[in-house]
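# Analysis of the macromolecular model
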Amino acid sequence: MKNNNVKILLNGIIRENPIFVLLLGMCPALGTTSSALNGLAMGLATTFVLICSNMVVASLKRFIPDQVRIPGFIVIIATFVTLVQMSMEAYLPALYDSLGLFIPLIVVNCIVLGRAESFATKNRITPSLFDGLGIGFGFTLGLTLLGAVRELLGTGKLFEITLFPEEFGSLIFVLAPGAFIALGYLIVIVNKITEKKS
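Here goes a summary of the coordinates provided. Worth saying up front: this structure is predicted, and the values here are computed from it rather than measured. (Residues numbered from 1 in each chain as written. Predicted model: local features only at pLDDT ≥ 70, side-chain atom pairs only at ≥ 80, totals over all residues. Heavy atoms only, no water.)

## Some words on the packing of helix H3 (residues 36-60) against helix H4 (residues 69-91)
- Where H3 contacts H4, the axes come no closer than 9 Å and their chain directions differ by 145°. Our pair here, H3 against H4, has a crossing hand that is right-handed. For the pair formed by H3 and H4, the contact residues are Ala45, Phe48, Val49, Cys52, Ser53, Val56 and Val57 on the first element and Phe73, Ile76, Ile77, Phe80, Val81, Val84 and Met88 on the second.
- The residue makeup of the contact of H3 with H4, split by class, is 13 nonpolar, 1 polar and no charged. (Axes fitted to C-alpha atoms, helices over the stretch in contact; angles between N-to-C directions. Helix = DSSP H or I, 4+ residues; strand = E, 2+ residues; numbered from the N terminus. Left-handed = near helix turned anticlockwise from the far one by under 90°. Contact = heavy atoms within 4.5 Å. Nonpolar A, V, L, I, M, F, W, Y, C, P; charged D, E, K, R; others polar.)

## Remarks on the side chain of Thr32
- When you line up the elements, Thr32 lands in the loop between helix H2 (26-31) and H3.
- Within the structure, Thr32 has its side chain in polar contact with the backbone oxygen of Pro28 (distance 2.6 Å).
- In this structure Thr32 touches Asn38, Gly39, Met42, Leu99 and Phe102, once residues within four positions along its chain are discounted. (Polar contact = N/O pair within 3.5 Å; in protein donor to acceptor, adjacent residues only side chain to side chain.)

## Thoughts on the nonpolar core
- In terms of nonpolar packing, the biggest core is built from 40 residues, with Ile19, Phe20, Val49, Leu99, Ile103, Ile106 and Leu183 touching the most fellow members.
- Of all the secondary structure elements, the ones that give two or more residues to this core are H2, H3, H4, helix H5 (93-99), helix H6 (110-120), helix H7 (125-155) and helix H8 (176-197).
- When neighbours within four sequence positions are excluded, Phe20 is seen to be in contact with Gly142, Leu145, Leu183, Leu186, Ile187, Val190 and Asn191. (Core = buried A, V, L, I, M, F, W, Y, C linked by side-chain atoms within 4.5 Å. Buried < 20%, exposed > 50% of the residue type's maximum accessible area, 1.4 Å probe, protein only.)

See the structure below:
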């Protein structure tokens, strides 16, 4: 049982990484990753929602009628997103302002709803927790890595720490086109690394 949970956890981080393998959640991936800190915060917020919603869906799946299954899942997800939004607004207002509209948009993130539908409805609470944790960590890793590359190449900083003068950075990486360029190269690198391992 423990080996199965570890396998589920690693699957979400490596084989089914939402950013680099499944190419899901591209809206927050491209919109919030102008810095590594933004990517990390968005990833952690989504991970919390994934874990909690997966566990609740797994525990309530027998009581939710098929006719209202998707709206029911959305209500569950929206509850946890509201908790994240209110907590972030109260305790991390600068980060909340930076992420803006992308926090409430976690409700309609295809990763969260997809895992509730494809995994949590078919499994018990513990495997659903590990699935949410794995997919969430994979998503967080992807967003943080993308944000780190963009921040470093665009501003010469990493997590707000200056590594080289900003004038040596390239402004395109801070802008939207830089997100596409950095993501494309990261997908290629991750695919090459995973090909060698398999």
